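# Observations on the three-dimensional arrangement
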Amino acid sequence: MSQRYLSAYKVFQKIKWLGMLLSGITIFFMMFYTSADVLIRNINGTSPLHAYEISQYYFMPLAVFPALAYTFGEGMMPRIEFVITKAKSLVIQRIAAISLIVIEIVLMLLLAVFGWQYLMHAFGSGMAFTAGGTNYPLSLVILFVPLGFFLVVIEMIFLLVKNIKGKQPSFVVIEKHEVTDV
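Structural notes, computed from the coordinates. (Residues numbered from 1 in each chain as written. Predicted model: local features only at pLDDT ≥ 70, side-chain atom pairs only at ≥ 80, totals over all residues. Heavy atoms only, no water.)

## A look at the overall build of the protein chain
Looking only at helices and strands, the protein chain features seven helices and two strands. From first element to last, N terminus to C terminus, the protein chain shows the α and β order α-α-α-α-α-β-β-α-α. C-alpha extents for the protein chain along the principal axes are approximately 65 × 35 × 30 Å. Relative to its full complement of 182 residues, the protein chain shows a buried share of 38%. (Helix = DSSP H or I, 4+ residues; strand = E, 2+ residues; numbered from the N terminus. Buried < 20%, exposed > 50% of the residue type's maximum accessible area, 1.4 Å probe, protein only.)

Printed below as a string of structure tokens:
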């Protein structure tokens, strides 16, 4: 691959790493928030923290969507690559891999577009959830839904370029044995 391609992907890796870091911090904070809720509930019999609702509407989306591109790029998401590797011809493997990646790009792009439309609806309507009689806004958390899918689209475009220019079909942009400095 060209040096420009690799340097652009290294910049994108840093963005993905930030998303993964946000997700990790969210999970860590969710653990303490839920533990505090359980502790307060056991001491007082009731808790003002509303951990179930806050976890459902704030923590879980922030734990999943920012890290989506990172998990996709690391090859952690389920793939059908084992079917593609069964083909005897390298040409058929490449065509199947490229076709699969194009389909994934289209699907992820649709999810990003519809997620963006949902975000605009949430902003326009002031969408919120209720916990303990208080309304909490959802718009800022919903922002991570289309953003997460759009980052997956960018990852898949890098992967598509690699498969078009490369000789072997691949489902990760940079292999584990290649050195990367993130």
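Past the structure itself, the notes keep going.
## Notes on the environment of Val 172
Mapped onto the fold, Val 172 is located in the segment after helix 7 (144–165). Owing to a relative accessible area of 17%, Val 172 belongs among the buried residues under this scheme. In the structure, Val 172 is positioned 19 residues away from Val 153 in sequence and 13 Å away in space, judged by C-alpha atoms. The contact partners of Val 172, leaving out residues within four places of it in the chain, are Gly 73, Glu 74, Gly 75, Leu 159 and Lys 162. (Contact = heavy atoms within 4.5 Å.)

## A short note on the nonpolar core
Among soluble globular proteins, nonpolar side chains are generally buried collectively. Ranked by size, the top nonpolar core spans 24 residues in total, and within it Phe 149, Val 152, Met 156 and Val 173 carry the most contacts. For this core, the secondary-structure elements that each account for two or more residues are helix 1 (3–44), helix 3 (68–73), helix 5 (90–125) and helix 7. Not counting chain neighbours up to four residues away, the residues in contact with Val 173 comprise Tyr 5, Tyr 9, Glu 155, Phe 158, Leu 159 and Lys 162. Residues Leu 119, Leu 138, Val 141 and Ile 142 belong to the second largest nonpolar core, which totals 14 residues. (Core = buried A, V, L, I, M, F, W, Y, C linked by side-chain atoms within 4.5 Å.)

## Things to note about the packing of aromatic side chains
Within the structure shown, the criterion is met by 12 aromatic pairs. Ring geometry for Phe 28 against Phe 32: centres 4.9 Å apart, planes inclined by 80°, an arrangement best described as edge-to-face. Taken as a pair, Phe 28 and Phe 32 lie in helix 1 at a separation of four residues, close to a single helical turn. Residue classification places Phe 32 among the partly exposed positions, given a relative accessible area of 46%. Summarising the aromatic geometry, the rings of Phe 29 and Tyr 33 are spaced 6.2 Å apart at their centres and angled 35° between planes, so their arrangement reads as tilted. Remark: Tyr 33 and Phe 29 occur in helix 1; sequence separation between them is four residues, near one turn of the helix. Since its relative accessible area comes to 49%, Phe 29 is described here as partly exposed. Looking at Tyr 33, the relative accessible area reads 19%, which means it is buried. Clustering of aromatic rings is evident, with ring pairs tying together Tyr 5, Tyr 9, Phe 12 and Phe 158. (Phe/Tyr/Trp six-rings, centres within 6.5 Å; stacked < 30°, edge-to-face > 60°.)

## Quick look at the packing of helix 1 against helix 2 (residues 51–64)
Orientation of helix 1 relative to helix 2, taken along the N-to-C sense of each, is 165°, at an axis distance of 8 Å. Classed by the angle they form, the pair helix 1 and helix 2 counts as roughly antiparallel. Our pair here, helix 1 against helix 2, has a crossing hand that is left-handed. Contact with helix 1, carried on its side by Leu 22, Ser 23, Thr 26, Ile 27, Phe 29, Met 30, Tyr 33, Thr 34 and Asp 37, involves Ala 51, Ile 54, Ser 55, Phe 59, Met 60, Leu 62, Ala 63 and Val 64 of helix 2 and no other residues of that element. Split by residue class, the contact of helix 1 with helix 2 holds 12 nonpolar, four polar and one charged. (Axes fitted to C-alpha atoms, helices over the stretch in contact; angles between N-to-C directions. Parallel < 35°, antiparallel > 145°, perpendicular 65-115°, else oblique. Left-handed = near helix turned anticlockwise from the far one by under 90°. Nonpolar A, V, L, I, M, F, W, Y, C, P; charged D, E, K, R; others polar.)

## What about helix 2?
Maximal helix bending in helix 2 amounts to about 35°, located at Tyr 58; proline Pro 61 follows within four positions. Looking only at helix 2, the buried set comprises Ala 51, Ile 54, Ser 55, Tyr 58, Phe 59, Pro 61, Leu 62 and Ala 63. Where helix 2 is buried, its residues contact helix 1, strand 1 (128–131), strand 2 (134–137), helix 6 (139–142) and helix 7. (Bend = angle between axes of the 7 residues up to and from the residue.)

## Considering the pairing of strand 1
In regular strands, side chains alternate between the two faces of the sheet. Side chains Phe 129 and Ala 131 project from strand 1 onto a buried face, and the interleaved Ala 128 and Thr 130 project onto a face without burial. In this structure, strand 1 lies alongside strand 2, joined through four bridges in antiparallel fashion. From the neighbouring strand, Ala 131 faces strand 2, where its bridge partner is Thr 134. The hairpin formed by strand 1 and strand 2 contains two residues between the paired strands, and Gly 132 there has a positive phi angle of roughly 65°. (Pairing = 2+ DSSP bridges.)

Structural measurements only, silent on function.
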